[in-house]
Amino acid sequence: MARLIVHQERIPDHQELINICPFGALEEQDGKVVVNAACKMCRLCIKKGPEGAMEYVEDVKKPEINKDEWKGVAVYADHVDGTIHPVTFELIGKAKEMAAVTGQEVYVLFMGNEIRDKSEEILHYGADKVFVYDKEELARFKIEPYTAVFEDFIKKVKPSSILVGATTVGRQLAPRVAARMKTGLTADCTILEMNENSDLSQIRPAFGGNIMAHIKTPNHRPQIATVRYKIMNAPARAESKSGVIVDCDMDQEMLSSHVDVIDILPKAKETFIENSDVLVVAGRGVKKEEDINMLRELADLLGGQVACTRPMAESGWMDAKYQIGLSGRTVRPKLIITCGVSGAIQFVAGMNHSDTIFAINNDPKAPIFKSAHYCLVGDFYDILPKLIAKIKEKEGV
Amino acid sequence: MKILVCIKQVPDSNKVEVDPVTGVLKRDGAASKMNPYDLYAIETALRIKEKTGGMVDVISMGPPQAMQVIKEAFSMGADHGTLLSDRRFGGADVLATSYTLAQGIKSMGEYDLILCGKQTTDGDTAQVGPEIAEWLNLPSVSNVVSIRMFEEDGITVDMDLPDEVEVAKVKFPCLLAVDKDIFQPRLPSYVKKTETKDRKIQILTLDDMTDQDELNYGLNGSPTQVQKIFPPETNDKKEIWNGSGDMLAKKLFDKVEELKFV
Ligand SMILES: Cc1cc2nc3c(=O)[nH]c(=O)nc-3n(C[C@H](O)[C@H](O)[C@H](O)COP(=O)(O)OP(=O)(O)OC[C@H]3O[C@@H](n4cnc5c(N)ncnc54)[C@H](O)[C@@H]3O)c2cc1C
Ligand SMILES: Nc1ncnc2c1ncn2[C@@H]1O[C@H](COP(=O)(O)O)[C@@H](O)[C@H]1O
């Protein structure tokens, strides 16, 4: 049992030590500092507390596993009806980097129905082996049969690390698999680094992105991590194929389920600006109502929506539900491009936590430039058409 | 219908900062509250109970002060509460947390339906629910955005998928992790709060579990270990771009491409 021992005599100031714990796990009881159940054993108190005040002891050591029995980096191919989610290719790219450190192979696990032909596509991205489970029971994502196939794959192939896209499917499948294998799972990693001993350094944001945590799975295999879409870089698609497809079979009985998929419905297109990853904002710099179409075209190309400042909503050019700010909506998109917005405090209050802020304004003194990460001093009537042309050229529209 | 809702106490604010010099975390006070996502799970349970009758219990794992969120659940309408609290549960990662909760649930009896929130605001993994289901060998559905039908043998729900919605019928017993906005959570009622003021909360420790092996709980039962905690790279960089429309359009395009939006 690993635990922390508190050496009371070495604590000059109780409150100072208690304050170090980010989890509120240190408290004072009868004049002594004690560790409560909130402790996450992050051991910050040992590192940052007064010398020798906190001590970490491990009475019984768990036997060490043989890491050499587990080899390779596996990627779960996320897909619907064989259309592979692009996060899969990004993860293959990352897996190749990771596998290069230990000189091991990259595997892809692809399960579904009538997907055999579609698995060929994966060979253009540099995986060494694609393990295909092609079965009627796997036509639709259902938690029990999908977990069973994953288990079968892990037991047969014994990959050292597994990457799963943090899609709505990956986020429920990965934990079931991790619990079945009694191993660790780290969610939403933003940085992954392979060590030579095959331990994976998994770095993820915690506390709403205010701090980063570095997590390891030192004595369990496989080590499983989920990664969100658009975090890693996808490799370019090679003209030629490489690697092999391995057809897999398993006990049919394992594929039964208590879930019946009754229907698949198209999703209503999201209209709330709060849910958009990308926003293009129209301010009073927009001269005519029809000019908003230019912003809309850009937003469509970026997969986002148009939002506006209050004067634009008041003029009736846009509906009030698209207004950002104190008297409008608060948004936190990944990307926001403001066009002709001065950046009044009431507006900025509704968007200044956005991940990346671009502001286009022809007044170099506009207050919006205080909040923006990229300040484009210029006329958006000049810039946007050129930007739109470039994007269309790239997308081949 | 016996329904169990898993609820967690989380810090009131996730405004923690790391002091860049000392590396020590600075917290914005130590106040705690119910994980906001779990309010939706409680509301869902109460709505089902209002239709079918039965009982809504809540369970939480955490330090003794987590009794606070169980009391809050009482004042919303929950019937019984259990807290799993033991120093030996400390330092638990997702696997050990879900194992402890599953052990606790087993010792409490059989439930037709277990509900979890989508995720917590501190752990923020959305993994505990599916892992509890795995330990209890139950079918599970996450991202439940609405309930369509309630029948004797199962429940039909809408599951949110990246580009579509899957309508699925799940047989009881099962576990659902519900999304935000499935129902608007009610406010705690003052009357209920007064009525339940003295209601007992069952406290379970490791000694009450079927599996008494300490190595399966807390830090010992956790495959993952936090190596260190550090501040993120801050986004306080600022670039000012002047120049012709052509040049600005090109720079903007390059940046948007680098950020993978095109
Ligand atoms: C109580 C209260 C609540 C409020 N709540 C909100 C709110 O919720 N949301 C909100 O938005 N406002 C709100 N406001 C209003 C707010 O104070 C500002 O008036 C408003 O945000 C200004 O909108 P704007 O930036 O679009 O217009 P302006 O302030 O007129 O700015 C237009 C900008 O566009 C630039 N520009 C013009 N032409 C071009 C061009 N061709 N290319 C590039 N740049 C160009 C100009 O340099 C200027 O900086 C509130 C005000 C009050 C008093
Ligand atoms: N300590 C806990 N006690 C009770 N329920 C929990 C606990 N941790 C997580 N949960 C449940 O699991 C869900 C997902 O949590 P997480 O995986 O931490 O994001 C929460 O919304 C709760 O319903």
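Remember, predicted model here, so these are calculated numbers, not experimental data.

Visitor: Explain the site of ligand 1 to me, please; I cannot follow it from the model alone.
Guide: Residue and element names in this part refer to chain A. Within the structure, ligand 1 sits among 27 residues, and Arg-284, Thr-309, Ser-327, Ser-342 and Asp-379 are positioned closest to it. Taking Arg-310, its main chain carries an N or O atom lying 2.8 Å from an oxygen atom of ligand 1. Gln-323 has a polar side-chain atom sitting 2.9 Å from an oxygen atom of ligand 1. Burial of ligand 1 by the protein chains amounts to 75% of its free accessible area of 1,000 Å². Of all the secondary-structure elements, those providing two or more residues to the shell around ligand 1 are helix 7 (310-314), helix 8 (345-348), strand 21 (356-361) and helix 10 (380-395). Residues belonging to the shell around ligand 1 are distributed by class as follows: 9 nonpolar, 13 polar and 5 charged.

Visitor: Where do I start with the site of ligand 2 in this structure?
Guide: All names here are of chain B. Lining the immediate environment of ligand 2, one finds 19 residues, of which Cys-6, Asp-38, Thr-120, Thr-125 and Ala-126 sit closest. Note that an oxygen atom of ligand 2 is positioned 2.5 Å from one of the side-chain N or O atoms of Asp-38. When the free accessible area of ligand 2 is taken as 480 Å², the share hidden by the protein chains comes to 97%. Elements supplying a minimum of two residues to the shell around ligand 2: strand 6 (55-61), strand 8 (113-117) and helix 4 (128-135). It is strand 6 that provides the largest number of residues to the shell around ligand 2, a total of 3 residues. Split into classes, the residues belonging to the shell around ligand 2 amount to 8 nonpolar, 8 polar and 3 charged.

Visitor: How should the sheet that holds strand 15 (residues 223-227) of chain A be read in this particular structure?
Guide: What holds strands together in a sheet is hydrogen bonding between their backbones, with the strands either parallel or antiparallel. Taken together, 7 strands build an open sheet; the order of strands is 11-15-10-5-8-9-16 (chain A) and the sheet is parallel. The two strands at the open ends of the sheet, each matched to only one other strand, are strand 11 (185-186) and strand 16 (244-247) of chain A.

Visitor: Whenever I open this one, unusual backbone geometry confuses me. Can you help?
Guide: Leaving glycine aside, a negative phi is the common case for residues, and trans is the common case for peptide bonds. Along the chain, A:Arg221 connects to A:Pro222 via a cis peptide bond; the corresponding omega equals -5°. For A:Pro222, the location among the structural elements is in the loop between strand 14 (211-216) and strand 15. B:Phe172 connects to B:Pro173 through a cis peptide bond whose omega is -10°. Tracing the sequence through the fold places B:Pro173 in the loop between strand 11 (164-171) and strand 12 (174-178). You will see that A:Lys182, though not glycine, has its phi angle at about 50°, which is positive. Assignment of secondary structure puts A:Lys182 in the loop between helix 5 (170-181) and strand 11.

Visitor: Explain the interface of chain A and chain B here, please?
Guide: When the parts of a complex come together, some accessible area is lost, and that lost area is often used as the size of the interface. Of the residues lining the interface, 102 residues belong to chain A; the matching set on chain B comes to 91 residues. In total, chain A and chain B occlude about 8,700 Å² of area from one another, counting both sides; carbon and sulfur atoms represent 59% of this. On the surface where chain A and chain B come into contact, there are 5 salt bridges. Across the pair B:Glu134 and A:Arg176 runs a salt bridge, and its minimum N-O distance is 3.0 Å. Between chain A and chain B we count 29 residue pairs in polar contact (both at pLDDT 80 or more) in total. The element contributing the most residues to the side of chain A that touches chain B is helix 10 of chain A, with 8 residues. In the side of chain A that touches chain B, the residues fall into 52 nonpolar, 23 polar and 27 charged.

Visitor: Explain the environment of A:Ile391 here, please?
Guide: Its location among the elements puts A:Ile391 in helix 10. A C-alpha to C-alpha distance of 7.4 Å links A:Ile391 and A:Leu301, two positions 90 residues apart in sequence. The residues touching A:Ile391, leaving out its near neighbours within four places in the chain, are A:Leu298, A:Leu301, A:Leu302, B:Phe253 and B:Val262.

Visitor: I would appreciate a short explanation of the sheet that holds strand 22 (residues 374-377) of chain A in the present structure.
Guide: Within the open sheet, the 6 strands sit side by side as 19(A)-18(A)-20(A)-21(A)-22(A)-15(B). Their pairing is parallel. On the outer flanks of this sheet lie strand 19 (305-308) of chain A together with strand 15 (239-241) of chain B, each paired with one strand and no other. The sheet shows a mean angle of 20° between the axes of neighbouring strands, taken without regard to direction. Summarising the sheet, strand 21 of chain A and strand 22 of chain A pair through 4 bridges and their orientation is parallel. Among the inter-strand pairings, A:Ile360 is bridged to a residue of strand 22 of chain A, identified as A:Leu376.

Visitor: Looking at this model, I keep getting lost on helix 4 of chain B. Mind explaining?
Guide: For an α-helix the count is 3.6 residues per turn, leaving residues at separations of three or four pointing the same way. Residue and element names in this part refer to chain B. The buried fraction of helix 4 amounts to 7 of the 8 residues, a majority that puts the element mostly inside the structure. Residues Gly-129, Pro-130, Glu-131, Ile-132, Ala-133, Glu-134 and Trp-135 constitute the buried set of helix 4. Looking one or two residues beyond helix 4, the residue adopting positive phi is Asn-137, at roughly 55°.

Visitor: Can you help me understand the pattern of salt bridges in this one?
Guide: Note on pairing: side chains with opposite charge can pair once their charged atoms come close. Residues and elements named next belong to chain A. One pass over the full model with this rule turns up 42 salt bridges over all chains. A salt bridge links Lys-334 to Asp-277, with the shortest nitrogen-to-oxygen separation between them at 3.4 Å. On the criterion of sequence distance, the pair formed by Lys-334 in the loop between helix 7 and strand 20 (335-339) and Asp-277 in the loop between strand 17 (259-266) and strand 18 (278-282) is long-range, its members being 57 residues apart. Take Asp-277: its relative accessible area is 40%, and that puts it in the partly exposed class. Across the pair Asp-382 and Lys-386 runs a salt bridge, and its minimum N-O distance is 2.6 Å. With a gap of 4 residues between them, Asp-382 and Lys-386 both fall in helix 10, about one helical turn apart. Looking at Asp-382, the relative accessible area reads 31%, which means it is partly exposed.

Visitor: When you look at the environment of A:Phe110 in this model, what are you seeing that I'm missing?
Guide: Residue and element names in this part refer to chain A. Counting through the fold element by element, Phe-110 comes out in strand 8 (residues 106-112). Separated by 62 residues in sequence, Phe-110 and Gln-172 place their C-alpha atoms 17 Å apart. Beyond its immediate sequence surroundings of up to four residues, Phe-110 is in contact with Ala-77, His-79, Gly-82, Ile-84, Ile-115, Lys-118, Ser-119, Ile-122, Val-130, Phe-131, Val-132 and Tyr-133.

Visitor: Help me understand the nonpolar core, please; the structure alone is not making it clear to me.
Guide: The tendency in soluble globular proteins is for nonpolar side chains to be buried side by side. Counting residues in each nonpolar core, the largest one holds 68 residues, and the members touching the most others are A:Phe150, A:Phe153 and B:Leu176. With residues near it in sequence (within four places) discarded, A:Phe150 still touches A:Tyr76, A:Leu109, A:Met111, A:Ile162, A:Val164, A:Leu173 and A:Val177. Counting 57 residues, the second-largest nonpolar core is a separate cluster that includes A:Ile273, A:Val278, A:Val306 and A:Ile368.

Visitor: What is the right way to read the UniProt feature "binding site: FAD" (unreviewed entry) in chain A from this model?
Guide: Residue and element names in this part refer to chain A. Residues annotated in UniProt with the feature "binding site: FAD" (unreviewed entry) correspond here to Arg-284, Thr-309, Arg-310, Gln-323, Ile-324, Gly-325, Leu-326, Ser-327 and Asn-361. The greatest C-alpha distance among the annotated residues, which extend across 78 residues, is 22.7 Å, indicating that they are dispersed rather than converging on a single site. Mapped onto the elements of the fold, Ile-324 is located in the loop between helix 7 and strand 20. Here Ile-324 falls in the buried class, since its relative accessible area comes to 2%. Not counting chain neighbours up to four residues away, the residues in contact with Ile-324 comprise Ile-273, Leu-279, Val-281, Ala-307, Cys-308, Arg-329, Val-331, Ile-336, Phe-347, Gly-350 and Met-351. Along the chain, Asn-361 turns up in strand 21. When its relative accessible area of 9% is taken as the criterion, Asn-361 is described as buried. Looking at Asn-361, its side chain comes within polar contact range of the main-chain nitrogen of Asp-363, at 2.9 Å.

What counts and what doesn't
Residues numbered from 1 in each chain as written. Chains lettered and ligands numbered in written order. Predicted model: local features only at pLDDT ≥ 70, side-chain atom pairs only at ≥ 80, totals over all residues. Heavy atoms only, no water. Near = heavy atom within 4 Å. Polar contact = N/O pair within 3.5 Å; in protein donor to acceptor, adjacent residues only side chain to side chain. Areas by Shrake-Rupley, 256 points an atom, 1.4 Å probe, with all protein chains shown as cover. Helix = DSSP H or I, 4+ residues; strand = E, 2+ residues; numbered from the N terminus. Nonpolar A, V, L, I, M, F, W, Y, C, P; charged D, E, K, R; others polar. Pairing = 2+ DSSP bridges. Contact = heavy atoms within 4.5 Å. Buried area = accessible area lost by both parts, 1.4 Å probe. Salt bridge = Lys/Arg side-chain N within 4 Å of Asp/Glu carboxyl O. Axes fitted to C-alpha atoms, helices over the stretch in contact; angles between N-to-C directions. Buried < 20%, exposed > 50% of the residue type's maximum accessible area, 1.4 Å probe, protein only. Core = buried A, V, L, I, M, F, W, Y, C linked by side-chain atoms within 4.5 Å. UniProt positions renumbered as here; feature names shortened; annotations may be inferred.

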